[in-house]
Amino acid sequence: MSKAAYRDHLGRPIVAVTGMGVITSLGQGLEDNWAALSGGVSGIHGITRFPVDGLNTRIAGTVDFVKLPAENPVERSYFYARETTEEALAQAGLSGDFGGPLFLAAPPIEPEWSQRFALAERAPPMQRPGDAYDRFMAVLREKPDPALYETWLFGAISERLADRFGTRGLPVTLSTACASGATAIQLGVEAIRQGRTERALTVGTDGSVTAEALIRFALLSALSTQNDPPERASKPFTKDRDGFVIAEGAATLVLESLESAVARGARVLGILKGCGEKADHFHRTRSSPDGGPAIATIRAALEDAGIAEDGIGYINAHGTSTPENDKMEYLSMSTVFGEGLSKIPVSSNKSMIGHTLTAAGAIEAVFSIQTMLTGTLPPTINYQNPDPGIVLDVVPNVKRDKQVSAVLSNSFGFGGQNASLVMTAEPG
């Protein structure tokens, strides 16, 4: 191949995906996850991790089939990231030190209430209102607890991953709500395009389903309360959708310049063709109802990819199953694609795995590439009562065999962070 064949329409290095790994409530590993997802299986179930008596929401997509040395969000998030990275590197045929940068999307870290209560029991009596922090610090100065300390460090997960896999430079940890996983991928793409590295490790992970997290989202009226049966709760783009289902998981993608991947004889799974990112200042949790920032995000991704609207064959929707977000996403897609949207299948992985929060963009990128590799469009399950105001081909309830060569994946996050990725089967 000529040097020009390794450059995109803007003269930048083409970015290939050579390895993928995934874990969700459907199972561990890409093979099991894809079989369940394309088969319309739901991973949503009743919560057993903590008591749910008296709570309006009692379901989640937690990953309950693994054994951990400690039950806390940091340990869970690290475990999921480690396992998916090992799977991705094995598929990429890479061993030893990775030798490229690490970009990690991870959930916000803070002490759980059980940890705070344990510290309070050991702390001296209150001297003045609001002195809890000082009393907790006094306890830890008297008897340091390195394991507890690590669970409170935002960068702990990426540092452990960097040590284990031999990444290069300071690992980057980011948390941009529901767009985090896609943003981590974008950072990896930009690092390769800018010539700073030949390869990058991009990871999105989230093991943060706790009682406190559930209650906080419930107080925002963001969660579904349709608990029975759990597997029917997430129903994107339907008239009776009432909120998202909180979930866990992780995904890792090994990114390489196409030239590097070909030179070492790696199998190219797909191409990261374009990335778009825009901020939404409308509200700290709600998206702008006119869809303006989301529209701009999709258009930016298409422009970055050098692909026209009619070049997209399938859309992996953000599709949270919340009343407002689904409506906004439809508005944004219909504005960008116009009448052509009716010819583009649009489905939501979240109907089966729930909303994996900071990991969602990475997990859905993996499934988007798998869609192109297999010629199978995963369904949107629980689509029995369509919303008449959202006219989409959602691949209802049953998978569809269709070969597509370009996919758009949307991630629209709390706090106004929007990201879209365009992935293709071939470089051209």
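Attention in this report is confined to the structure presented alongside it. No experiment lies behind these values; they were computed from the predicted model shown.

1. Here we look at the pattern of salt bridges
Piece 1. Taken as a whole and assessed by the stated rule, the structure comprises 20 salt bridges.
Piece 2. One salt bridge in this structure joins E75 and R160, with 3.2 Å as the shortest N-O distance. Remark: R160 occurs in helix α6 (residues 156-165) and E75 occurs in helix α2 (residues 73-92); sequence separation between them is 85 residues.
Piece 3. Exposure remark for E75: the relative accessible area of 12% places this residue in the buried category.
Piece 4. Of the charged contacts, one joins K350 and E364 as a salt bridge, the two residues approaching to 2.8 Å between their closest N and O atoms. One end of the pair, K350, is in helix α12 (residues 350-353); the other, E364, is in helix α13 (residues 360-374), and 14 residues separate them in sequence.

2. Examining the packing of helix α10 (residues 292-305) against helix α11 (residues 323-337)
Piece 1. Relative to each other, α10 and α11 sit at 45°, their axes nearing to 8 Å. Considering their axes alone, α10 and α11 lie oblique with respect to each other. Where α10 crosses over α11, the two elements pack in a sense that is right-handed. Counting all contacts with α10, which are made through A294, I295, I298, R299 and L302, the residues of α11 involved are M328, S332, M333, T335, V336 and F337.
Piece 2. When grouped by side-chain class, the residues that make up the contact of α10 with α11 number eight nonpolar, two polar and one charged.

3. Let's talk about α13
Piece 1. A rise of 1.5 Å per residue sets the reference length of α13, with its 15 residues, at 21 Å; its end C-alpha atoms lie 21 Å apart and thus fit the reference within 8%.
Piece 2. Counting buried positions along α13 gives 13 out of 15 residues, so the element sits mostly inside the fold.
Piece 3. At the C-terminal side of α13, G375 shows a positive phi close to 70°.

4. So, the side chain of R199
Piece 1. With respect to the helices, strands and loops of the structure, R199 is situated in strand β7 (residues 199-206).
Piece 2. One buried charged side chain, R199, makes no salt bridge at all; its nearest oppositely charged neighbour is E256, positioned 4.3 Å away.
Piece 3. A distance of 3.1 Å separates a polar atom in the side chain of R199 from the backbone oxygen of F98.
Piece 4. Among all residues touching R199, those that are not within four sequence positions of it are L94, F98, G100, P101, I192, L255, E256 and R264.

What counts, and at which threshold
- Every chain's residues receive numbers from 1 upward, in the order its sequence appears when written.
- Under the rules for a predicted model, residues below a pLDDT of 70 receive no local features and side-chain atom pairs below 80 are neither given nor counted, while totals for whole chains, interfaces and linings still include all residues.
- Side-chain numbers come from the whole structure's heavy atoms, not from hydrogens or water.
- We define a salt bridge as a contact between a side-chain nitrogen of Lys or Arg and a carboxyl oxygen of Asp or Glu at a distance within 4 Å.
- Helix and strand definitions here come from DSSP, where helices need a minimum of 4 consecutive H or I residues and strands a minimum of 2 consecutive E residues; each element is numbered from the N-terminal end.
- Type-normalised accessible area, obtained with a 1.4 Å probe on protein chains alone, sets the label of each residue: buried when under 20%, exposed when over 50%, and partly exposed for intermediate values.
- Lines are fitted to the C-alpha atoms to define the axes, a helix being fitted only along its stretch in contact, and any angle between axes, read from their N-to-C directions, falls within 0 to 180 degrees.
- Oblique is the label for any angle not under 35 degrees, not over 145, and not in the 65 to 115 range, which are roughly parallel, roughly antiparallel and roughly perpendicular in turn.
- Note on convention: the crossing is left-handed when the near helix lies turned anticlockwise from the far helix by less than a right angle, right-handed when the turn is clockwise.
- Any two residues whose heavy atoms approach within 4.5 Å are treated as being in contact.
- Each residue is assigned to one of three groups, with Ala, Val, Leu, Ile, Met, Phe, Trp, Tyr, Cys and Pro labelled nonpolar, Asp, Glu, Lys and Arg labelled charged, and all others, Gly among them, labelled polar.
- Expected helix span is computed as 1.5 Å times (number of residues minus one).
- Residues scored as charged are limited to Lys and Arg (positive) and Asp and Glu (negative), so that His and the chain ends carry no count.
- Here a polar contact means two N or O atoms within 3.5 Å. Within protein one must be a hydrogen donor candidate and the other an acceptor candidate, and residues neighboring in sequence count only if both atoms are side-chain atoms.

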